[in-house]
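# Coordinate inspection notes
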Amino acid sequence: MERQELDQGTARTAAELRLQLAQMTAASQLLEHTARDEKSQDYLAAMNQSICRMLRIVGRLELSGRLGGEDPRLERAPTDLGRLTLELGERLAGLLECAGVRLEVSAPEGLCAWVDGELIRQLLMELVANAAGAGKQIKLTLERLRESAVFTVEDDGPGVDPERLQYLFDSGSQAVPDWRQGGVGVAVARRAAQLHGGTVIARCAPGQGLRAVVSIPLGEAGEGLLREPGTGWDRGGFDDELVALSKLLPAWVFRPEPGGEGGGK
């Protein structure tokens, strides 16, 4: 079977899964009006968490097709990377607190670049989610180094053995992200950086965590409306950050009651 046929089949499968998940989300939202007791709230939380985890799989399936195609298209626009990083980091930090993980964020305001802002957000969410799965203290920083924007994500986890590290970060491996394989988050980040003319490298010492560094050329911003990054919303009705961290967060975060995040509220 030709690659084009495989891509088309993958796209159709993802679209069908999106439809089914949208119906499940609608049913969950209807049940919120009658689920008043604690047990019902717990059932809905578990249901919403499962929906978010499935949305994450579908999103990676779609992204794999988009980034792995012969002619992947970026939706570039002048983007304030500093504001994007700070706002995304604030949202991720609030959610990660629920899992006992602390995220520190540092970025200068007004660092602009000609990039696909949504793809950069996905890159950062993947690296932060990976770091949060390994450690309890995470740092996300952005700085300008000559004509590049440099993102750094560090964790205090146990680190990665050299063979595994090479497998994850070697630019010659996993050139096309595959949602079915381990390390897909790193593959997505590496491919997103590559499409922007950038790189992802990692440093690791046993017992001292992992440090991933992403360098993206700033490029010529040119003329155009500066894109203000805002909270993204998944087509299933849950926000992107909640979906990205759904494997790490406790179920109660997805409760539909006030104080929970369920239902995209």
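See the structure above.
### Notes on the packing of helix α4 (residues 117-132) against helix α6 (residues 184-195)
Working note: a packed helix pair is described by the angle between its axes plus the distance between those axes. As a packed pair, α4 and α6 sit with axes 9 Å apart at the nearest point and diverge in direction by 150°. In this structure, the crossing between α4 and α6 has a hand that is left-handed. Where α4 abuts α6, its residues Leu119, Gln122, Leu123, Glu126, Leu127 and Asn130 lie against Gly185, Val186, Val188, Ala189, Ala192 and Ala193. Here the contact of α4 with α6 is composed, by residue class, of eight nonpolar, three polar and one charged.

### Some points on the sheet that holds strand β4 (residues 137-145)
A sheet is described by the order of its strands in space; here five strands give the open sequence β2-β4-β5-β7-β6, paired in mixed fashion. Each edge of the open sheet carries a strand with a single partner, namely β2 (102-106) and β6 (199-204). On average, adjacent strands in this sheet sit at an angle of 15° to one another, irrespective of strand direction. Bridge analysis of β4 against strand β5 (residues 148-155) gives eight bridges, and the strand direction is antiparallel. Considered in β5, the bridge of Thr141 is made with Thr152. Contacting β2, β4 and β5, helix α3 (residues 81-97) crosses the sheet at an angle of about 170° to β2. Here α4 sits on the sheet in contact with β2, β4, β5 and β7 (210-217), set at roughly 20° to β5.

### Focus on the packing of helix α2 (residues 38-68) against α6
Where α2 contacts α6, the axes come no closer than 11 Å and their chain directions differ by 35°. Classified by chirality, the crossing of α6 by α2 is left-handed. Residues Arg60, Leu63 and Leu67 of α2 lie in contact with α6, whose contacting residues are Val184, Gly185, Val188, Arg191 and Leu195. Residue classes in the contact of α2 with α6 are distributed as five nonpolar, one polar and two charged.

### Examining the pattern of salt bridges
In total, this model carries 13 salt bridges according to the counting rule given. Between Arg60 and Glu126 there is a salt bridge, with its nearest N and O atoms 2.6 Å apart. With Arg60 in helix α2 and Glu126 in helix α4, this pair connects stretches of sequence that are 66 residues apart. Each member of the pair, Arg60 together with Glu126, is buried. Across the salt bridge formed by Arg121 and Glu241, the nearest N and O atoms sit 2.6 Å from each other. In this pair, Arg121 sits in helix α4 while Glu241 sits in helix α7 (residues 240-244), placing the two residues 120 residues apart along the sequence. Note on Arg121: relative accessible area 3%, which makes it buried. Overlapping salt bridges bring together Glu118, Arg121, Asp240 and Glu241 as one network.

### Observations regarding the pairing of β5
Put simply, side chains in a regular strand alternate between the two faces of the sheet. By the criterion of burial, β5 is predominantly enclosed, with seven of the eight residues buried. What sits between the antiparallel neighbours β4 and β5 is a turn of two residues, in which Arg146 has the positive phi angle 55°. Two elements, β5 and β7, share seven bridges in a ladder whose sense is antiparallel. Paired with Ala149 across the two strands is Ile216, which belongs to β7.

### Digging into unusual backbone geometry
Despite not being glycine, Arg146 has its phi angle at roughly 55°, a positive value. For Arg146, the position within the fold is in the loop between β4 and β5.

Procedures and definitions
- Residues numbered from 1 in each chain as written.
- Predicted model: local features only at pLDDT ≥ 70, side-chain atom pairs only at ≥ 80, totals over all residues.
- Heavy atoms only, no water.
- Axes fitted to C-alpha atoms, helices over the stretch in contact; angles between N-to-C directions.
- Helix = DSSP H or I, 4+ residues; strand = E, 2+ residues; numbered from the N terminus.
- Left-handed = near helix turned anticlockwise from the far one by under 90°.
- Contact = heavy atoms within 4.5 Å.
- Nonpolar A, V, L, I, M, F, W, Y, C, P; charged D, E, K, R; others polar.
- Pairing = 2+ DSSP bridges.
- Salt bridge = Lys/Arg side-chain N within 4 Å of Asp/Glu carboxyl O.
- Buried < 20%, exposed > 50% of the residue type's maximum accessible area, 1.4 Å probe, protein only.

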